[in-house]
Amino acid sequence: MDWRELALCRYEDPDLFFPIGTLTSGPALIQTDEAKAVCRRCPAMRRCLAWALTTDPVEGIWGGTTEGERRAIRRSTAERSRSPV
C-alpha cells in the first residue's frame, strides 16, 4: 500500500498544508500549527517526511515539517555524512 493512501491529510483541505505568508507570525503560523497537528496523528508521517526529504518540495507542510525545517534536516544530515567517524 502506498503511504499516501494512509495519509490523514487526504481528508483535510489541501490549502491547510500550504500556508500563505510568513511562517513566524499571524495566520500562517496558526495554519502551520494546525497542519502539523494533523501530521502528528498521521500513520504516514515518517514516510511522508522521507518522501519530502528525497523529492524536495519547495512549499508546504510535509511529514510535519516546513520548508525551512526540511532544509535544516538535509543540512544536518549532510554535515554528519562529512564528519569523520
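Residues numbered from 1 in each chain as written. Predicted model: local features only at pLDDT ≥ 70, side-chain atom pairs only at ≥ 80, totals over all residues. Heavy atoms only, no water.

Peer 1: I'm lost on the packing of helix α3 (residues 45-55) against helix α4 (residues 67-82) in this one. Help?
Peer 2: Each pair of packed helices can be described by the angle between their axes along with the distance between the axes. Where α3 contacts α4, the axes come no closer than 10 Å and their chain directions differ by 75 degrees. Our classification of the angle between α3 and α4 gives roughly perpendicular. Contacts from L49, A52 and L53 of α3 reach α4 at R70, I73 and R74. Residue composition of the contact of α3 with α4, grouped by class: 4 nonpolar, no polar and 2 charged. (Axes fitted to C-alpha atoms, helices over the stretch in contact; angles between N-to-C directions. Helix = DSSP H or I, 4+ residues; strand = E, 2+ residues; numbered from the N terminus. Parallel < 35°, antiparallel > 145°, perpendicular 65-115°, else oblique. Contact = heavy atoms within 4.5 Å. Nonpolar A, V, L, I, M, F, W, Y, C, P; charged D, E, K, R; others polar.)

Peer 1: Help me understand the pattern of salt bridges, please; the structure alone is not making it clear to me.
Peer 2: For side chains bearing opposite charge, pairing can occur when the charged atoms are close. A full pass over the atoms with the stated rule returns 3 salt bridges. Between D2 and R4 there is a salt bridge whose closest N-O contact spans 2.9 Å. Judged by relative accessible area, R4 falls into the partly exposed class, the value being 45%. Taking the shortest distance from any N to any O, the salt bridge between E69 and K36 comes out at 2.7 Å. Within this pair, whereas E69 is found in helix α4, its partner K36 is found in helix α2 (residues 26-41), the two being separated by 33 residues in sequence. A relative accessible area of 32% means that E69 is categorised as partly exposed. (Salt bridge = Lys/Arg side-chain N within 4 Å of Asp/Glu carboxyl O. Buried < 20%, exposed > 50% of the residue type's maximum accessible area, 1.4 Å probe, protein only.)

Peer 1: Even after reading the chapter, I still don't get the side chain of K36, so can you show me in this structure?
Peer 2: For K36, a relative accessible area of 16% gives the class buried. Those residues in contact with K36 that sit more than four places away from it in its chain are I61, G64, T65, T66 and E69.

Peer 1: I tried to follow the packing of aromatic side chains on my own but got confused; where do I start?
Peer 2: For any pair of aromatic rings, geometry is given as the distance between the ring centres together with the angle between the planes. In total, this model carries 3 aromatic pairs according to the counting rule given. Judged by centre distance (6.3 Å) and plane angle (80 degrees), the rings of F18 and W62 are edge-to-face. Here F18 is found in the loop between α1 (3-6) and α2, whereas its partner W62 is found in the loop between α3 and α4, with 44 residues between them in sequence. By the ring-pair criterion, three or more aromatic residues cluster together here, those being W3, F18, W51 and W62. (Phe/Tyr/Trp six-rings, centres within 6.5 Å; stacked < 30°, edge-to-face > 60°.)

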